[in-house]
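Summary of structural features
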Amino acid sequence: MEQSAIADRRHLRRKLTFWRVATVLVLIAAALAAALSSWPAGGRQDHVARVKISGIIQDDQELLERLDAIARNNRAKALVVTISSPGGTTFGGESVYKAIRKVAENKPVISDIRTLAASAGYMVATAGDTIIAGESSITGSIGVIFQYPQMKDLLDKIGVSLDEIKSAPLKAEPSPFHPASEEAKTMIRSMVVDSFDWFVDLVAERRKLPRDEVLKLADGSIYTGRQALKAKLVDSLGGPEAIKAYLKSRNVNPDLEIVDYDPPRRASALWLASSLATAFKALGGEFFGVAPLIEKIGDEKLFLDGLVSVWQVGRN
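Residues numbered from 1 in each chain as written. Predicted model: local features only at pLDDT ≥ 70, side-chain atom pairs only at ≥ 80, totals over all residues. Heavy atoms only, no water.

**Here's the deal with the overall build of the protein**
A tally of helices and strands in the protein yields 11 helices and 8 strands. Put simply, the protein has 316 residues, and 34% of those count as buried. When contacts within the protein are restricted to residue pairs at least 6 apart in sequence, those whose partners lie at least 24 apart make up 74%. Total accessible area on the protein stands at roughly 19900 Å², and carbon and sulfur atoms take up 57% of it. (Helix = DSSP H or I, 4+ residues; strand = E, 2+ residues; numbered from the N terminus. Buried < 20%, exposed > 50% of the residue type's maximum accessible area, 1.4 Å probe, protein only. Contact = heavy atoms within 4.5 Å. Areas by Shrake-Rupley, 256 points an atom, 1.4 Å probe, with all protein chains shown as cover.)

**Let's talk about the side chain of Ser 85**
Assignment of secondary structure puts Ser 85 in strand S2 (residues 76–88). For Ser 85, the side chain forms a polar contact with the main-chain nitrogen of Gly 87, separated by 3.0 Å. Once residues within four sequence positions are removed from consideration, Ser 85 is found in contact with Ile 53, Gly 55, Ile 57, Leu 116, Ala 117, Ala 118 and Gly 121. (Polar contact = N/O pair within 3.5 Å; in protein donor to acceptor, adjacent residues only side chain to side chain.)

**Quick notes on the side chain of Ser 137**
Within the element layout of this structure, Ser 137 appears in the loop between strand S4 (130–133) and strand S5 (138–140). Here Ser 137 falls in the buried class, since its relative accessible area comes to 5%. At 3.5 Å, the side chain of Ser 137 and the backbone oxygen of Ile 113 are in polar contact. Within the structure, Ser 137 has its side chain in polar contact with the backbone oxygen of Arg 114 (distance 2.5 Å). Ignoring any residue separated from it by four or fewer positions in sequence, one finds Ser 137 in contact with Ile 113, Arg 114, Thr 115, Tyr 223, Thr 224 and Gly 225.

**Considering the nonpolar core**
Residues Leu 79, Val 96 and Leu 233 are the most contacted members of the largest nonpolar core, which totals 47 residues. It is helix H3 (residues 90–104) that contributes the most residues to this core, 6 residues altogether. (Core = buried A, V, L, I, M, F, W, Y, C linked by side-chain atoms within 4.5 Å.)

**Some details on the packing of aromatic side chains**
Using the criterion set out here, one finds 1 aromatic pair in the structure. An angle of 50° between the planes, with centres 6.3 Å apart, marks the rings of Phe 146 and Tyr 148 as tilted. (Phe/Tyr/Trp six-rings, centres within 6.5 Å; stacked < 30°, edge-to-face > 60°.)

**A word on the pattern of salt bridges**
Under the defined criterion, the tally for this structure stands at 17 salt bridges. Across the pair Glu 182 and Lys 185 runs a salt bridge whose closest N-O atoms are separated by 3.9 Å. One end of the pair, Glu 182, and the other, Lys 185, are both in helix H6 (residues 182–207), 3 residues apart, so they sit about a helical turn from each other. When the shortest N-O distance is used, the salt bridge between Asp 235 and Arg 207 registers 3.0 Å. Here Arg 207 lies in helix H6 and Asp 235 lies in the loop between helix H8 (225–230) and strand S7 (236–237), a separation of 28 residues in the sequence. The partly exposed category is assigned to Asp 235, whose relative accessible area is 38%. (Salt bridge = Lys/Arg side-chain N within 4 Å of Asp/Glu carboxyl O.)

Printed below as a string of structure tokens:
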């Protein structure tokens, strides 16, 4: 082969390598930019943070971390907690309540009740410095409940029984396999009453109401926003304009951008897997089967949390 042809080939190979590396760097930069843009308030100036709490409220560590990030972010000048929840676990509501109160130590917090904020949902709402509801919003249901199934009659019909040996009569009571004893009912009732007392005291403290008055409201009843306003369970009725008015009253610019602090999205992770696959293709990884493997794993299980052993029907 002539020297000139060899030189041209080497030059072409260097150019191809340059563009492959450049493609990878661009994709990495794009992935970092996407990650930064998905990070709440990433690169932003002063703003009003907003967190949406919907569905069943449980012990949600990821939500607590978001609230903690808002508490520590000096650029977040206020927090709007938008609530659409029928309630949840007492401990879940307690945890979120305390996290919101931590935010309120340094910045105003507005509880924005939408369609429904009942039971633990209302518990969370009381953490706000003010509670704003719609006229037809549903709230209240101040109370605690403990439920357990009873399957003894069904088991008797199909001829199945359960024997047990336990260390004490109240161990694992109440049981779904036999009616609860009076001692077991007393134990559970005591837990319910204690949690209920804590809930009532919380509402009395936060709403600045006499405990006897809260007890009259805490019979499990639900209320419209109009009824709740009359009962002093909420502070005002309205929507965005009411929120802006309260921000202004707390010396926060009502025209600040509202930034949603949403939970991480799986879609961005899958997009990253696709980008990495493209990068491997640019480097010739497709020849070795690397790019298709990354696309498949990224699409299915690359971003599952923890160690997972699972059986699935294969897909073509």
